[in-house]
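# Overview (structure and organization)
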Amino acid sequence: MASLGVCKSETTTFRFDSETMKSLREEAKQRDISTNTLLNQIVKVHLKWHANASNAGFIAVSRLLITSLISHLSEQEIISVAENVAKNTNKDTILLLENEYTMESALDFIENWIKISGYKYKHHEINDGQNRHMYVIQHDMGIKWSIYLTNLYQFLFDDVKKDNKRRIEFEKTENTLAFTVDVD
């Protein structure tokens, strides 16, 4: 997982037009953070995701389009699509965006994608003597999207894990996917 250690910072100056600064200050105030913190977050998200996402094949589409398309597929067709995506793009995408292909980088990729997608989610480490992570993603896109994500992530985790001892558990509902995975 990405290190949360303290990074050395630098001071620099940028110029923004007045309207842009006004908008940035308003958004920072709504989030109850400083404008500097907001700008740091924006730059980090850009560098972590937006700078390379289109190179990795990502495009912005509406939830309605995805749910409409997937509603016409059977469960087996959804699993087949997830397998095709996993086998043909997951490794390349994660290498491009995360610079390595490990369980940690896969989880970093998933978490970044969740954030960019605007899903409500929770992520926490489970303190049970093992390095386990639990994610709960509220996507509000229906059971077929839960089925797709479950299978996409299962194929990814099966490919990236080094042994068969890692536990991976999924629980899906109409609008939520929860999964727990051993990282070590």
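So, here's what we can say about the structure. (Residues numbered from 1 in each chain as written. Predicted model: local features only at pLDDT ≥ 70, side-chain atom pairs only at ≥ 80, totals over all residues. Heavy atoms only, no water.)

## Considering the environment of Thr102
Let me state the cut-off plainly: Each helix is a run of H or I in the DSSP string that is no shorter than four residues. Each strand is a run of E no shorter than two, and both are numbered from the N terminus. Only protein chains enter the accessibility calculation, which uses a 1.4 Å probe; a residue is then buried when its area is under 20% of its type maximum, exposed when over 50%, and partly exposed in between.
Of note, Thr102 is situated in the loop between α4 (75-98) and α5 (103-117). Residue classification places Thr102 among the partly exposed residues on the basis of a relative accessible area of 22%. In this structure the C-alpha to C-alpha distance between Thr102 and Phe157, which are 55 residues apart in sequence, comes to 9.3 Å.

## Brief notes about a nonpolar patch on the surface
Under the convention used in this document: Note on patches: the residues involved have over 30% relative accessible area and no salt bridge, like charges join within 9 Å, and the nonpolar side chains Val, Leu, Ile, Met, Phe, Trp and Tyr join within 5 Å. Note that accessible areas follow from Shrake-Rupley with a 1.4 Å probe, and for residues the cover is restricted to the protein chains shown. One speaks of a salt bridge when a side-chain nitrogen belonging to Lys or Arg is within 4 Å of a carboxyl oxygen belonging to Asp or Glu.
Taken together, the side chains of Ile59, Val61, Leu65 and Leu69 define a hydrophobic patch exposed on the protein surface, amounting to about 390 Å² of accessible area. Residue position: Leu65 is located in helix α3 (residues 63-70). Look at Leu65 and you get partly exposed, because its relative accessible area is 39%.

## Here's the deal with the packing of aromatic side chains
Note the cut-off: What counts as a ring pair is set by centres within 6.5 Å for rings of Phe, Tyr and Trp (its six-membered ring), and what kind of pair is set by the plane angle: stacked under 30 degrees, edge-to-face over 60, tilted for all other angles.
All chains considered together, the criterion is met by 11 aromatic pairs. For the ring pair Tyr135 and Phe179, a centre distance of 5.0 Å and an interplane angle of 20 degrees mean the geometry is stacked. Here the residue Tyr135 occupies a position in strand β2 (residues 131-138), and Phe179 occupies one in strand β4 (residues 176-182), the gap between them amounting to 44 residues. On the accessibility criterion, Phe179 (1% relative accessible area) is buried. Seen in terms of ring centroids, Tyr153 and Phe157 are 6.3 Å apart; in terms of plane orientation they differ by 40 degrees. Their pairing is tilted. With Tyr153 and Phe157 both in helix α6 (residues 143-160), this residue pair falls 4 residues apart, about one helical turn. There is no split in this pair, since Tyr153 and Phe157 are both buried.

## Details of the pattern of salt bridges
Scanning the entire structure with this criterion turns up 7 salt bridges. Here Glu98 makes a salt bridge to Lys48, at a shortest N to O gap of 2.8 Å. On the criterion of sequence distance, the pair formed by Glu98 in helix α4 and Lys48 in helix α2 (residues 35-53) is long-range, its members being 50 residues apart. Between Lys87 and Glu83 there is a salt bridge; the shortest N-O distance is 2.7 Å. Here Glu83 and Lys87 lie together in helix α4, a separation of 4 residues that amounts to about one turn. Three or more residues joined by partner-sharing salt bridges are found here, namely Arg132, Arg167, Glu169 and Asp182.

## A look at the nonpolar core
Selection rule: As used in this record, nonpolar core signifies buried Ala, Val, Leu, Ile, Met, Phe, Trp, Tyr and Cys residues forming a set joined through side-chain atoms within 4.5 Å. Only heavy atoms matter for contacts: two residues are in contact if any of them lie within 4.5 Å across the pair.
Judged by nonpolar contacts, the single largest core of 36 residues is most densely connected at Tyr153, Phe157 and Phe179. Contributing elements (two or more residues each) for this core: α2, α4, α5, β2, α6 and β4. The element that contributes the greatest number of residues to this core is α6, accounting for 9 residues. Excluding anything up to four places from it in sequence, Phe157 contacts Met103, Leu107, Ile110, Ile168, Phe170 and Phe179.

## Description of the sheet that holds β4
Where we set the bar: Strands are labelled as partners when DSSP assigns at least two bridges between them. Structural elements are reduced to axes, namely lines fitted to C-alpha atoms, with helices fitted over the stretch in contact, and the angle between N-to-C directions of any two is expressed from 0 to 180 degrees.
Across the sheet, which stays open at both edges, the 4 strands sit in the order β1-β2-β4-β3 with antiparallel pairing between neighbours. Since the sheet does not close on itself, it has two edges, and those belong to β1 (120-127) and β3 (168-172), each with one partner. Across the sheet, the mean angle from the axis of one strand to that of its neighbour is 10 degrees, orientation sign disregarded. Across 5 bridges, the pairing between β3 and β4 is antiparallel. Note on β4: the bridge partner recorded for Glu169 is Thr180. Strand contacts of α6: β2, β3 and β4, with the helix running at about 170 degrees to β3, the strand carrying the most contacts.

It is worth stressing that arrangement in space is one thing and function is another; only the former is reported here.
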